[in-house]
Amino acid sequence: MQSAVTPDQSQAMDAPKQGLPVTIITGFLGSGKTTLLNHILTNQQGLKTAVLVNEFGEIGIDNELIVSTGENMVELSNGCICCTINNDLVDAVYKVLEREEKLDYLVVETTGLADPLPVALTFLGTELRDLTRLDSIITVVDAANYSLDLFNSQAAHSQIAYGDVIVLNKTDLVDEATLNELEKKIGEVKEGARILRTTRSQVPLPLILSVGLFQSDKYFDTVDEHNHDAHDHDHDHHEHDDHDHSTCGHDHHDHHDHHDHEHHHHHSDHLENDGFTSISFQTDKPFSIRKFQYFLDNQLTENIFRAKGIMWFDESPNRHIFHLCGKRFTMDDDEWKGEKKNQLVLIGQNLDQNQLLEQLEKCICLPSTTRGKGFGK
Ligand SMILES: Nc1nc2c(ncn2[C@@H]2O[C@H](COP(=O)(O)OP(=O)(O)OP(=O)(O)O)[C@@H](O)[C@H]2O)c(=O)[nH]1
């Protein structure tokens, strides 16, 4: 987990001793969690909110997509908080608590494949219990892509079962009858679920923050089961590079060391039971629009459920933000802030990693300055 706080700030714990309210945002891949986070960050009035973001996939695309105002802090991670109660999350929360500046709120965005329960238990079952107060678990549901059968995902089921509030998002993409049907299905997973319909995750913040909906007594048995793990944690330890990932089964590579490389072949083994894996591709060369269009039309297989990317096309001066959720994709124009690059994360089940990486490699075109005269593009 990367941190915005330097080690010399880890002195005395004179930050809030207890009770920092915490909201966990969960929800399946592409449902609108980051959109909700941005909504919170731009609309909270006078509150200083810290954010912990956890992504599935080795390249952190979300950190480029999260709005950050002077009052907010963005902390990033490399994708572990869903594994189990783990030291990464606890360490990251300590860093937030140790900041000199007093914070009012902490929002944790899990990956789309995370079971929120272990994340919640981290706040209930470790020494964080006395320093934080779990306010609520908010579950974002994609109304256009809701299908627990299709996902065959234990995590997706858990997200709804443990959600204190269900944000039924993307209501613009489906009709009223579908929404009613979905609410019924959600009610089958969680009886009496509190459901809020939204477009672009635009929910009135008083309905989801500081609502005190989380009832820890519902979880006491589970907390006891997990407590032996929790007590292993040593919070004086702030070396994030050598924490133990032996049980995670996934790769913790530092991408920044490999900036010049064409792509990364890392393969995440998160929640292998659900069969989802991610493929990350990165290059400092532009794509050809025509070639990428061909990839989207002919090579993007149905088992790729989610994709997101920061895209650089030779033919365009703009930075493009690419999102694919289910069958629908969008490409939004934006401006480059730093160096131009292509970064793409594909998430799905039974992905043919080598083939997809090869196909993406073929989307690269030579920069215009070195290109031949008229051929080869
Ligand atoms: N049409 C429509 N699109 C939406 C809505 N909410 C979010 N989106 C789009 O859906 C895509 C995914 O949204 P994100 O907020 O990135 O979803 P996420 O849950 O953070 O995604 P992961 O973290 O990758 O699981 C983006 O292209 C959003 O602009 C909505 O209400 N309607």
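Residues numbered from 1 in each chain as written. Predicted model: local features only at pLDDT ≥ 70, side-chain atom pairs only at ≥ 80, totals over all residues. Heavy atoms only, no water.

Going by an unreviewed UniProt entry, the chain carries the name GTP-binding protein and comes from Plectonema radiosum NIES-515.

A.B. asks: Looking at this structure, I do not really get the packing of aromatic side chains. What am I missing?
C.D. replies: The description of an aromatic ring pair rests on the distance of the ring centres and on the angle between the ring planes. Here the structure, examined in full by the defined rule, presents 8 aromatic pairs. For the ring pair phenylalanine 281 and phenylalanine 287, a centre distance of 5.9 Å and an interplane angle of 50 degrees mean the geometry is tilted. Across the pair, phenylalanine 287 and phenylalanine 281 agree in class, each one buried. Considering the side-chain rings of phenylalanine 287 and phenylalanine 292, the 5.6 Å spacing of their centres and the 40 degrees angle between planes classify their relative orientation as tilted. Here the aromatic cluster, defined as three or more aromatic residues joined through ring pairs, consists of Phe281, Phe287, Phe292, Phe295, Phe313, Phe322 and Phe329. (Phe/Tyr/Trp six-rings, centres within 6.5 Å; stacked < 30°, edge-to-face > 60°. Buried < 20%, exposed > 50% of the residue type's maximum accessible area, 1.4 Å probe, protein only.)

A.B. asks: Would you mind showing me how to read helix H10 (residues 353-361) here?
C.D. replies: For the α-helix, the turn length of 3.6 residues means that residues three or four positions removed from each other point alike. Residues of H10 that are buried include every one of Gln353, Leu356, Leu357, Gln359 and Leu360, and no others. With its buried residues spanning 160 degrees around the axis, H10 presents them on a single face. Looking at the buried side of H10, the elements it contacts are strand S8 (276-283), helix H9 (289-299), strand S9 (304-311) and strand S12 (342-349). (Helix = DSSP H or I, 4+ residues; strand = E, 2+ residues; numbered from the N terminus. Arc of directions from axis to C-beta. Contact = heavy atoms within 4.5 Å.)

A.B. asks: Please explain unusual backbone geometry as it appears in this structure.
C.D. replies: Note: most peptide bonds trans; most residues except glycine with negative phi. Unlike most non-glycine residues, lysine 170 shows phi in positive territory, near 65 degrees. A positive phi angle is found at arginine 200, which is not glycine, with a value near 55 degrees. Among the structural elements, arginine 200 can be located in the loop between strand S7 (195-197) and helix H8 (220-230). Of the residues examined, arginine 200 reaches a relative accessible area of 59% and is grouped as exposed.

A.B. asks: Help me out: how do you make sense of the pairing of strand S10 (residues 319-325) in this one?
C.D. replies: Each regular strand shows side chains that alternate between the opposite faces of the sheet. The buried fraction of S10 amounts to 6 of the 7 residues, a majority that puts the element mostly inside the structure. The pairing of S9 with S10 spans 6 bridges and is antiparallel. Counted as the bridge partner of glycine 309 is phenylalanine 322 from S10. For S10 and strand S11 (residues 328-334), the ladder comprises 7 bridges, and the chain directions are antiparallel. (Pairing = 2+ DSSP bridges.)

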